[in-house]
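Remarks on the overall topology
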Amino acid sequence: MSPLVVSESERGFSMISILFWLGLIGFAVWNGAQVFHAHYINWKIQDVFEGVTTNMGNASEMDIRERLPKLYKINYLAPSDLSQEFHNNLLIRHEGTMLEISSIYSVVIWPLGPVEQLDEKGGYDTEELEGMDILRDKLRIDIEFEPYAISE
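Residues numbered from 1 in each chain as written. Predicted model: local features only at pLDDT ≥ 70, side-chain atom pairs only at ≥ 80, totals over all residues. Heavy atoms only, no water.

As a further point, take the layout of surface pockets. In this model, the largest pocket occupies a volume close to 220 Å³. What lines the largest pocket is a set of 14 residues, among which H37, A38, D81, V107 and V108 lie closest to the centre. Elements with a contribution of two residues or more to the lining of the largest pocket: α1 (15-55) and β3 (105-109). Looking at the lining of the largest pocket residue by residue, the classes come out as eight nonpolar, five polar and one charged. (1 Å grid on protein atoms, 1.4 Å probe; cavity = no way out; pocket = protein on both sides within 12 Å on 5 of 7 lines; lining within 4 Å. Points joined across faces, edges and corners; volume = space filled by probe spheres on them. Helix = DSSP H or I, 4+ residues; strand = E, 2+ residues; numbered from the N terminus. Nonpolar A, V, L, I, M, F, W, Y, C, P; charged D, E, K, R; others polar.)

Next up, the structure:
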């Protein structure tokens, strides 16, 4: 009798190989969902800004600022979706019949969690990072958004 020979195509998968690929795919899907969520929030803000310039062209800046939280809620934007940076950079400008509304803000996505070696101000120096914090900093994703609308 000849010994049983198993070809390469008949060997099957090992559990470690399956877990590795599931982990890798899950990691990519999770981070992709976080990036998509950030863009989705920006899209909703852009819709609110365009609606304001279309429907509230004659309103004062104070009226628009008072109405914005209600418009965010109507568009399913939670207060936690909008950073303090967004509110600090919110610009509403009137010139005659022209209304311009804009903001600038950034979103940071930490695939492996935020850096843990922070100074007393809550920042960090990339030169002083050690261990996993080096990898966390390198994998960090910074996305800048600038929603803008102007009336016609």
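When you line up the elements, K44 lands in helix α1. No salt bridge is formed by the buried K44. Its closest oppositely charged neighbour is D47, at 6.0 Å. Ignoring anything within four residues of it in the chain, the contact list for K44 reads N75, Y76 and L77. (Buried < 20%, exposed > 50% of the residue type's maximum accessible area, 1.4 Å probe, protein only. Lys, Arg positive; Asp, Glu negative; His and termini not counted. Salt bridge = Lys/Arg side-chain N within 4 Å of Asp/Glu carboxyl O. Contact = heavy atoms within 4.5 Å.)

Overall, the coordinates contain seven aromatic pairs when judged by the stated rule. Seen in terms of ring centroids, Y72 and F86 are 6.2 Å apart; in terms of plane orientation they differ by 65°. Their pairing is edge-to-face. Pair noted here: Y72 is in helix α2 (residues 61-74) and F86 is in helix α3 (residues 84-88), with a separation of 14 residues, a long-range link. Judged on exposure class, the residue Y72 and its partner F86 are both buried. A network of ring pairs unites the aromatic residues F49, Y72, F86, Y105 and F145 as a single cluster. (Phe/Tyr/Trp six-rings, centres within 6.5 Å; stacked < 30°, edge-to-face > 60°.)

With that settled, consider the confidence of the model for the protein chain. Close reading of the predicted structure is inappropriate where its pLDDT is low. Averaged over all residues, the pLDDT of the protein chain equals 89, while 91% of them reach at least 70. Ranking the helices and strands of the protein chain by mean pLDDT puts strand β4 (residues 141-145) first, with 96, and helix α4 (residues 132-139) last, with 89. (pLDDT = per-residue confidence, 0-100.)

Take α2 next. Spanning 14 residues, α2 covers 20 Å between terminal C-alpha atoms, matching the ideal 20 Å at 1.5 Å per step. Where α2 bends most, at L68, the angle is about 35°, and the proline P69 comes one to four residues later. Regarding α2, the residues found buried are I64, L68, L71 and Y72. The inward-facing, buried residues of α2 contact α1, α3, β1 (91-95) and β2 (98-102). One or two residues past the end of α2 sits Y76, with phi positive at roughly 60°. (Expected span 1.5 Å × (residues − 1). Bend = angle between axes of the 7 residues up to and from the residue.)

Residues of α4 that are buried: D133, R136 and D137. What you see down the axis of α4 is that its buried residues fit within an arc of 95°, all on one side. (Arc of directions from axis to C-beta.)

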